[in-house]
Amino acid sequence: MRKLFEKSEIWFAVMWIIIYVVGFSTADSISESIGIPKLITAAFAMVLSGILFLFVKKNDLMNYFGLCRLQGSSRQFLYFIPLIVLSSVNFWNGVSCTKSVVEVVLFVISMIGVGFLEELIFRGFLFKAMCRDNVKSAIVVSSLTFGFGHIVNLLRGAELAENLMQLIYASAIGFCFTVLFYVGRSIIPCIIVHALVNSTSIFGVDGNATLQIITTIIITVVSVAYGVYLLRRSPKETTTS
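Residues numbered from 1 in each chain as written. Predicted model: local features only at pLDDT ≥ 70, side-chain atom pairs only at ≥ 80, totals over all residues. Heavy atoms only, no water.

## A few points about the overall build of the chain
Counting secondary structure elements, the chain contains nine helices and zero strands. The order of α-helices and β-strands along the chain, N terminus first, is α-α-α-α-α-α-α-α-α. Against the globule reference of 18 Å for 241 residues, the chain gives a C-alpha radius of gyration of 18 Å, in line with a compact fold. Here the C-alpha coordinates of the chain stretch approximately 50 × 40 × 30 Å along the principal axes. Per-residue burial over the chain gives 47% buried out of 241 residues. Residue pairs in contact within the chain that sit at least 24 positions apart in sequence constitute 78% of those at least 6 positions apart. (Helix = DSSP H or I, 4+ residues; strand = E, 2+ residues; numbered from the N terminus. Rg over C-alpha atoms; globule rule 2.2 N^0.38 Å. Buried < 20%, exposed > 50% of the residue type's maximum accessible area, 1.4 Å probe, protein only. Contact = heavy atoms within 4.5 Å.)

Next up, the structure:
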């Protein structure tokens, strides 16, 4: 794994994107087939997270990939108010849960793993690999790749209109998180918010089509506006080296 990383960071990132997407889709399918949703997925998420964390730590890449403290003051980041708004999105239409305790626990474990893995892979591996040549292109590609990666949800039974809206706001959130990493040099706030949004989705109440559109617009506007604000406020010499 180290040899591939040293040879080509781009292919290293691509390899882990493929492993992540295929692995989670397969784990979800197996979990459903045995009648316990997220059972295999939760185990896969924890194992894969452990493998990547140990790789990063063993090779002294914690700071390089943003598994470190945020650089800058809370005031510089508007006290993370936009992130708090995003974290609460699943509660906007009310709270409800019809799942068993076991299902909730397995779901939350899976989503915490997803938050960690997607941020490390898309913000850490992919963005870092691309930003050496062109930061702007790296931000765009990392954001869109993250957003359009959610198209796999169509294979899991998501409705087309709902999935299209998810692609839009996920790309916007991807932009926000990528810029946050670029400016603050840490993916930890991104991991926390990502894990919270995913984990709390099991308690959310789905709104009607109109409410879903309004929610998509709010998430997109808040995410893009926050990302643009951070870019404008960041020093010109900001780098991710």
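## Side note on the nonpolar core
Soluble globular proteins: nonpolar side chains tend toward being buried together. Formed by 57 residues in total, the largest nonpolar core has its most connected members in Val 56, Phe 65, Leu 67, Leu 83, Leu 120, Ile 121 and Phe 125. Where this core is concerned, the elements lending two or more residues are α2 (9–33), α3 (39–58), α4 (81–87), α5 (101–131), α6 (135–148), α7 (160–184), α8 (188–200) and α9 (209–233). The dominant element in this core, judged by the number of residues it contributes, is α5, at 14 residues. Contacts of Phe 125, omitting those with residues within four sequence positions, involve Phe 12, Ala 13, Trp 16, Leu 52, Val 56, Phe 65 and Leu 120. (Core = buried A, V, L, I, M, F, W, Y, C linked by side-chain atoms within 4.5 Å.)

## Description of the packing of aromatic side chains
The final tally for this structure, using the stated rule, is 15 aromatic pairs. On the numbers, 4.7 Å between centres and 50° between planes, the contact of Tyr 20 with Phe 24 is tilted. Here Tyr 20 and its partner Phe 24 are both found in helix α2, four residues apart, which amounts to about one turn of the helix. Each member of the pair, Tyr 20 as well as Phe 24, carries the same accessibility label: buried. On the basis of an interplanar angle of 10° and a centroid distance of 5.7 Å, the ring pair of Phe 77 and Phe 80 is categorised as stacked. When its relative accessible area of 0% is taken as the criterion, Phe 77 is described as buried. Each member of the aromatic cluster is reached from another via a ring pair, and the members are Phe 5, Phe 12, Trp 16, Phe 55, Tyr 64, Phe 65 and Phe 125. (Phe/Tyr/Trp six-rings, centres within 6.5 Å; stacked < 30°, edge-to-face > 60°.)

## A look at a nonpolar patch on the surface
Taken together, the side chains of Ile 30, Ile 34, Ile 36, Leu 39 and Ile 40 present a nonpolar region at the surface, about 360 Å² in accessible area. Along the polypeptide, Ile 30 turns up in helix α2. We classify Ile 30 as partly exposed; its relative accessible area is 36%. (Patch = residues over 30% accessible without salt bridge, like charges linked within 9 Å, V, L, I, M, F, W, Y side chains within 5 Å. Areas by Shrake-Rupley, 256 points an atom, 1.4 Å probe, with all protein chains shown as cover. Salt bridge = Lys/Arg side-chain N within 4 Å of Asp/Glu carboxyl O.)

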